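Breakdown of the fold
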Amino acid sequence: MVHFAEQRSAPYSMIDRKHAVFTQVNNVVGTLNVLFGIREFLPDCHLIKLGTMGEYGTPNIDIEEGYIIVEHNGRKDVLPFPKQPGSFYHLSKVHDSHNMMFACKIWGLRATDLNQGVVYGTMTDETALDEALINRFDYDDVFGTVLNRFCVQTAIGQPLTVYGKGGQTRGFLDIRDTVRCIEIACHNPAARGECRVYNQFTEQFSVLDLAHLVESSARKLGLAVEIDHIPDPRVEAEQHYYNAKHSKLIDLGLQPHHLSDSLLESLTNIAMKYRDRVDASLMLPQVNWREPKNDRRMQMSMPSRSSAPEQRADLAASAGAKAKKG
Ligand SMILES: NC(=O)c1ccc[n+]([C@@H]2O[C@H](COP(=O)([O-])OP(=O)(O)OC[C@H]3O[C@@H](n4cnc5c(N)ncnc54)[C@H](O)[C@@H]3O)[C@@H](O)[C@H]2O)c1
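First, a word on scope: everything that follows refers to the structure included in this document. Bear in mind that the values here come from a model prediction, so they are computed numbers and not experimental data. (Residues numbered from 1 in each chain as written. Predicted model: local features only at pLDDT ≥ 70, side-chain atom pairs only at ≥ 80, totals over all residues.)

Before going further, it helps to spend a moment on the sheet that holds strand β2 (residues 46-52). The parallel open sheet is built from four strands, whose spatial order is β1-β2-β5-β9. Pairing within the sheet leaves two strands with one partner each, and these edge strands are β1 (2-3) and β9 (195-200). Strand direction decides the pairing type here: β1 and β2, joined by two bridges, are parallel. Residue pairing for β2: V2 is matched across the bridge by I48. Along the sheet face, helix α5 (residues 175-187) touches β1, β2, β5 (110-116) and β9 and points at about 160° away from the line of β5. (Pairing = 2+ DSSP bridges. Helix = DSSP H or I, 4+ residues; strand = E, 2+ residues; numbered from the N terminus. Contact = placed C-beta atoms within 7 Å. Axes fitted to C-alpha atoms, helices over the stretch in contact; angles between N-to-C directions.)

Take helix α6 (residues 207-220) next. With 14 residues, α6 should cover 20 Å at 1.5 Å per step; its first-to-last C-alpha distance of 20 Å lies within 8% of that length. Turning to α6, its buried residues are V207, L208, L210, A211, V214, S217 and A218. Buried residues belonging to α6 abut α4 (146-156), β7 (160-163), β10 (203-206), β11 (227-230) and α8 (261-273). The first or second residue beyond α6 is G222, which carries a positive phi of 85°. (Expected span 1.5 Å × (residues − 1). Buried ≥ 20, exposed ≤ 12 C-beta atoms within 10 Å, placed from the backbone.)

Among the nonpolar cores identified, the biggest contains 31 residues, and F150, C151, L210, A211 and V214 are the most heavily contacted of them. Of all the secondary structure elements, the ones that give two or more residues to this core are α4, β7, β8 (169-174), α6 and α8. If we ignore the near neighbours within four places in the chain, the residues touching L210 are V146, L147, F150 and F205. (Core = buried A, V, L, I, M, F, W, Y, C linked by C-beta atoms within 7 Å.)

Another point: the site of the ligand. Neighbouring the ligand are 13 residues; A5, R8, L50, Q116 and V119 lie closest to it. Mapped onto the shell around the ligand, the elements with two or more residues apiece are α2 (17-41), β2 and β6 (118-120). Each residue belonging to the shell around the ligand can be placed in one class, and the counts come to five nonpolar, six polar and two charged. (Near = placed C-beta within 6 Å. Nonpolar A, V, L, I, M, F, W, Y, C, P; charged D, E, K, R; others polar.)

Glancing now at helix α3 (residues 88-107). Taking 1.5 Å per residue as the helical rise, α3 with its 20 residues ought to reach 28 Å, and the 28 Å between its terminal C-alpha atoms agrees with that figure. Along α3, the residues that are buried comprise F88, Y89, H90, L91, S92, K93, V94, D96, S97, M100, A103 and C104. At its buried positions, α3 is contacted by α1 (10-13), α2, β2, β5 and β9. Directly after α3, the chain includes G108, whose backbone phi takes a positive value near 70°.

We now examine the packing of α4 against α8. When two helices pack together, their arrangement is given by the angle between the helix axes and the distance between those axes. Look at α4 against α8: their axes get within 8 Å of each other, and the N-to-C directions meet at 55°. Taken as axis vectors, α4 and α8 run oblique relative to one another. Crossing of α4 over α8 shows right-handed handedness. Two secondary-structure elements touch here, α4 through N148, C151, V152, T154 and A155 and α8 through L267, T268, A271 and M272. A per-class count over the contact of α4 with α8 returns six nonpolar, three polar and no charged. (Parallel < 35°, antiparallel > 145°, perpendicular 65-115°, else oblique. Left-handed = near helix turned anticlockwise from the far one by under 90°.)

Turning our attention to the environment of Q255. With respect to the secondary-structure elements, Q255 resides in the loop between α7 (248-251) and α8. A count of 8 C-beta atoms within 10 Å places Q255 in the exposed class. Sequence separation between Q255 and A244 is eleven residues; the distance between their C-alpha atoms is 18 Å.

On to the sheet that holds β8, then. Read from one edge of the open sheet, three strands run β6-β8-β10, paired in mixed fashion. Edge positions in the open sheet fall to β6 and β10, since each of these has one partner strand only. Averaged over all pairs of adjacent strands, the angle between their axes in this sheet comes to 45°, without regard to strand direction. Pairing of β6 with β8, which is carried by three bridges, proceeds in the parallel orientation. By the bridge assignment for β8, V118 is matched with F172.

Here is the structure:
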């Protein structure tokens, strides 16, 4: 059984109490229902569940794949890797992981927890067969992921909005590899009683690295791109150590599609093709982690590329002030 079905946005979970509660009830109760269903009706079934690399946070040590050997006061054990998630959404995934581990232990279920990085791209070989099969391309501040958002900003002539310094480093993967990882997990089921954890990403980038990659790829397409640093609406380290292991899926045969110029160009071209459908007012972040309540009806708009830099700086500052106020 492959379980993707969760509220999957961190900003959404940080809008206010209602959204945080919805996220945790939907995700944690949904996964609990799946676990009880498997136990009752199909105890030999292999559960493959999408978790997230965000469960680990950004510790100042290497991140292992799920478990770490700890020596303490002369004794040694293999323990779940410490979790320091950065939003109520990521916390829901941590709670799911604990419930899965517990269910495997008490009922002998078999599970794979795929701690996925940030996905980019929109197409697989299958969806490319026909325009009717085109996947969703979220670009807004709540549901869009960073690289897709940068490509849309390039297409509509907005500066790329890097939150803070942009040193936030994460694991990323191509959507085609996401699909392949699920297939690999299916073909290599966990043993009864085993809750296996794979870190599902292929490369690490900082947000600023990505902005520079998009900028240079856009230049080859004849597009000028500017990069703006705006105040970070999230509470997160903007510069930190990050080194996460991700060898288990490779060992099982994953051949990663690395982020290349051609992929960036094709993503930007898709965004260019459909740019008339983009609502430019949805790009600036409107959910501030520091506030318990965010009013997202107060839309802001960004100037186009041709606007004066001072005007953009003013807008970024007011976005930051708004982010502080909530
Ligand atoms: N996209 C990413 O970058 C990313 C990164 C890490 C982890 N993930 C995880 O991968 C999984 C898939 O994410 P996605 O990006 O494809 O998002 P998505 O929104 O396309 O997919 C999630 C799906 O779950 C469904 N869903 C939510 N609650 C449900 C419920 N109670 N019952 C039935 N269906 C329900 C939604 O309708 C949606 O179709 C999620 O679990 C997400 O947390 C995604």
